[in-house]
Structures are given as C-alpha cells and as structure tokens.
Amino acid sequence: MFLQASFIGYSLGDRMWNFAVAVFLVGLYGNSLLLTAVYGLVVAGSVLLLGAIIGDWVDKNPRLKVAQTSLVVQNFSVILCGILLMVVFQFKEQIAELYNGWILTCCYILVISIANIANLASTAMAITIQRDWVVVVAGQDSSKLADMNATVRIIDQLTNILAPMLVGQIMSFGSNFIGCGFIAGWNLCSMCLEYGLLWKVYQKTPALALKAGKKEDDQELKQLNFPKELENGKGTVEGSQLMNEMAVVKADSPKKTSCCYQITEPLRTIRDGWVAYYNQSIFFAGMSLSFLYMTVLGFDCITTGYAYTQGLNGSVLSLLMGASAVSGICGTVAFTWVRKKCGLIRTGFISGVVQLSCLVLCVASVFAPGSPFDLSISPFQDIYSHLIGDSGNLPEADHPASMLNIDGLLVNGSTALPAEELPPLQSYLSVSLLFAGVIAARIGLWSFDLTVTQLIQENVIESERGVINGVQNSMNYLLDLLHFIMVILAPNPEAFGLLVILSVSFVAMGHIMYFRFAFKSLGRRLFLCCSPEQKAQALPDSPSSLPTTV
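Residues numbered from 1 in each chain as written. Predicted model: local features only at pLDDT ≥ 70, side-chain atom pairs only at ≥ 80, totals over all residues. Heavy atoms only, no water.

Let us now look at helix α7 (residues 176-204). Three- or four-residue spacings in an α-helix give side chains the same orientation, since the helix completes a turn every 3.6 residues. With 29 residues, α7 ought to run about 42 Å at 1.5 Å a step, and its terminal C-alpha atoms sit 41 Å apart, in line with that. What α7 keeps buried is the set G179, C180, I183, A184, N187, S190, M191, E194, L197, L198, V201 and Y202. Those residues of α7 that are buried are in contact with α1 (2-28), α3 (63-90), α5 (102-138) and α6 (142-173). (Helix = DSSP H or I, 4+ residues; strand = E, 2+ residues; numbered from the N terminus. Expected span 1.5 Å × (residues − 1). Buried < 20%, exposed > 50% of the residue type's maximum accessible area, 1.4 Å probe, protein only. Contact = heavy atoms within 4.5 Å.)

The following block contains the structure:
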C-alpha cells in the first residue's frame, strides 16, 4: 500500500512536469516548437546513450540509496527548472537585451539541461521502483507481482489523464508563471511525502536491504524453458520462477586505476550492458516491445495533429483520449485475468493477436472514403522543396498543417483557425476507422506491455535487473526516435497513410519476434488455452508452492 501511494505522488508530479515543460518551452520561444523539438531530441538521445550506465548504477548501489538519490535529484531539478522558468517568464524582455540575447540563449540551454537531468533521474527512479522493488516486495508470488504491476499501470493511466487536466487548468486561468510556481511547490511537498513512504516500505520489507552481487558465469540460471526436463516429464513445465535468490559474489579483481581505464569505463559499461541484454533468454520478448514504439498510432502530438487536419475539434479529441485511457485500463484488468487462466507467455501471445486484429481497422482507414492518402504526391516532396528553397509549388493541404496538439493544447506557429471554421470533410469514415482501431488496440497493447515487463522482472537475475531494464529503455527510445524521423521525412497529411502502414508493419514484426520467443519456450503447448500444468497449479496438493509464470 505504501509503495502504491508513493508511486501516485511520483507519477502525478512526473506527468504534470512532462506535460507542462513542453508547453513552457513553446511559450518561451514565441510559440515556436523549436525548443520543444530540441528538448525531445536531447531527452531521447540521453536515455539512448546512458540507459545502460543508469541501470548499472542502480545495480551497484544499495536500493534505498538509489531510490533516495533519484527522488531528490529529480525533484530538486524540477524545482530549480521551475524557478528558472519563472524568472525568464517574468523578466524575459530585460534578459533579452543583455549581451545581444546571449544570456537568454544560455537560459534556454540551462532549462533544457536541467530538465534532461530530471528525466534521467526519473528513469533511474522508474527502474529501481517498478522493475526491482516491486519484485522484492512481491516475494516469490507471481500472482501478487502481476497484481502490483497492473495496479501501477492503472495509476499511471489515471495520472496521465488527471495531471495534464490539473496543470492545464491552472495555466489557463492563471499564467505560465503561476504554472511554474505550482509545479515547483508540488514537487517540493511531494518529495517529502514520497521520501517518507519509501522509507516506510524499506522498513517493512527486510529483503530490500539484501542485494545480490554478480553471479559466477558457470552458475546455473533459471531459464524460461527446460527442454530436457520437459522431455522427461520432470521439473516445472510452465516457465521460470522469480529469480530473487542471493547470488554468489565474485571475488573482486584487482582494480585498474590508470587514467585511460577510467576514461573508457563508461564505454565498457555500455558495451557490457548491451551484450548482457542480447544474452538474456527474454531478448526477443524485449525487442518485440521496443518495436511497438515505432508507430504513429498513439495519442501523441503526431496523431492528434493529423486529427485536426481532418476536421476533428478539441472536444471530440478529448473524448477520444478519455476513451483511449479507459481502453488501456481495460487491457490492464484483462491482463491479470488472462494470466491466471492461460499463463504469462500465452497472455502475451493473445494480447498480440488482439492488438494486430484491431490495427486492421487502421489499415482499412487508409483506403476508406475521406482519407487524404494520395500516392501521386511524393511523401518527400515537402521536405525536398524546403531544402532546395522552392516552396511555391508545394501542394497545399486542405487544413492548416502547422498546427500541433501537445496533450490537448493547440499550438500554432502563426495564427490557428478555430476548429469550427475548418472546411468539413466529405466523409469522416476514414478518421473514424483510424481512431476506432487505435483505441481498441490499446487493450492488447497494455496487456502485452505488462506481459513483457513481468517476463523481464522474473527472468533477469537480481544483479542485472538495473542494466537490463536500462538497455530496454534505450531500445524503446531508439525506436521512438526512428518514428519521429519517419514523420519528419514524410510530414504532409497525404503521406500519413504510408506512416500508418509502416507502423502496423513494425508492430507485426514485433509480435512475430514475440511469437518466436513464446514458441521456443512452450512449443505447441502455446496454442493450448490452458495446459494441464496450469490446471494442476490450482490443486491444493500441488508439490510446488510457487505459481507458474507461463
């Protein structure tokens, strides 16, 4: 209970800041998206490069120290950034006149840098709490771990709705200055509360004080499948158990203190982290989750911006976002039920089938009446025309393509037309099919996400949880970056149909990789709704006291 309460405070503050910082940067630079784009690139690049190092730091330090340090650094960074933004908003004109505007430019750089530090600390906090603490608190109870993961995800979904609404109302009725002050004050109070709750959890769970070291290379690791035991009818059939037993600590090798060795140590950490990730039994499961980030079929600024060009107004979009959140919560609840009935690995397979089936509607929307999809217009014509300086022959969109929606707030580089004044489309069938597919697919998406998350929790040794999850975050950000690059290369609405098809293709490739992993683990038993071993789990005289995870 204390852990969930701590996560509510963390998630609410984190969601408010992530929403507000994008809006602040837009307002700071004269309603331009330049600073927001730079911030997004810096954040993604930092996690991509430093994910393994952050995870390695989580592994090598005591749990309480990691949680407390991450919490303090994150909140103090947000507070400092909020104060700096308040100063800039209040005295922007005076600062701009100093040294030909260089002081203001330095303020921009400082804001983005501090905000990036806050994001890196948030990444470390997420790894240590959601990927390590919950596993230890759950003990060896796989069902309890699944319930805790589902609860955390529901909290995350609800705060993703409530946080932007809260801070958005404050900024609408007040100002950016007041919004900065509110978020800074919230993080100060939240930090103290979260600190106390984490300390309470640490005291109530003695196992958190014990942390495994590195295992010997020749020590037997628990794997998802044991082919020899299965052939002989021995051992656990339904996958691995939770891996939280204490490891054998390696003898410390003589430390090399040369300058060159110390300089290259971060590079070796990154290399070792990626190699360890590749050698995991759940490698293809983790890769399958990363491939799902290469998509425009989500409620981000790209999809909502496209919706505005198709004539949907803000009120309709807000309802669609609410429906999407409800769909995600349904997927979270469905995960716990299906896992109990069919096992963990089968749940991932079923979730993938559900998601792909729903995304068929998105592919159909590309060719439905009302779709702007037009192969006669090159998807690269817009960017090519800008590069050669000939913008006079650009095909004009029916609606303002410069508009961008950031989590519900409409931003425009010049003057945005009200949504009611947009010329009506001949048919809304295409955009209706698109959002119907996106909303329905979130049931399978979140169920699949929880499946892979628990597979990583249960099948990565304790001494490598941090670095493996750090590399997993890096992979997620890498594919997310690729999807933004894809949009930059083909930004016009006529090319959005191609982006939809490419997105569904990457999602399909991700689920094919998961199928390879699942079939290797279960073989033909993957297609059984409930195997005999899963049924035996519920028997009171079952020899195993631990629940199965497949």
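Let us now look at the UniProt feature "transmembrane region" (unreviewed entry) in the chain. The feature "transmembrane region" (unreviewed entry), as given by UniProt, occupies residues 36-58, 70-89, 101-121, 275-296, 316-337, 349-368, 427-445 and 495-515 in the numbering adopted here. End-to-end, the C-alpha atoms of residues 349-368 are 29 Å apart, and along that stretch the chain is 95% helix and 0% strand. (UniProt positions renumbered as here; feature names shortened; annotations may be inferred.)

With a phi close to 50 degrees, Y99 is a non-glycine residue in the positive phi region. Among the secondary structure elements, Y99 is positioned in the loop between α4 (92-96) and α5.

A complete count under the given rule lists seven salt bridges for this structure. Here D156 and R15 are joined by a salt bridge, their closest N and O atoms 2.7 Å apart. Placement of D156 in helix α6 and of R15 in helix α1 is noted, with a sequence separation of 141 residues between them. Close ionic contact of D272 with R271 constitutes a salt bridge, the shortest N to O distance being 3.0 Å. The partly exposed category is assigned to D272, whose relative accessible area is 41%. In this structure, a network of salt bridges that share partners links the residues R63, D132, E462 and R465. (Salt bridge = Lys/Arg side-chain N within 4 Å of Asp/Glu carboxyl O.)

Moving on, we get to the packing of α1 against α6. Two numbers describe how α1 lies on α6: the axes approach to 8 Å, and their chain directions differ by 40 degrees. With respect to their mutual orientation, α1 and α6 come out oblique. Helix-helix and strand crossings are classified by hand; for α1 and α6 the assignment is right-handed. A class-by-class count of the residues in the contact of α1 with α6 yields 17 nonpolar, six polar and two charged. (Axes fitted to C-alpha atoms, helices over the stretch in contact; angles between N-to-C directions. Parallel < 35°, antiparallel > 145°, perpendicular 65-115°, else oblique. Left-handed = near helix turned anticlockwise from the far one by under 90°. Nonpolar A, V, L, I, M, F, W, Y, C, P; charged D, E, K, R; others polar.)

A few words on α6. Across its 32 residues, α6 extends 47 Å between first and last C-alpha, which sits within 8% of the 46 Å expected from 1.5 Å per residue. T159 marks where α6 bends most, by close to 25 degrees. For α6, the N-terminal cap is D141; the gap from its side-chain oxygen to the backbone nitrogen of S143 is 3.1 Å. (Bend = angle between axes of the 7 residues up to and from the residue. Polar contact = N/O pair within 3.5 Å; in protein donor to acceptor, adjacent residues only side chain to side chain.)

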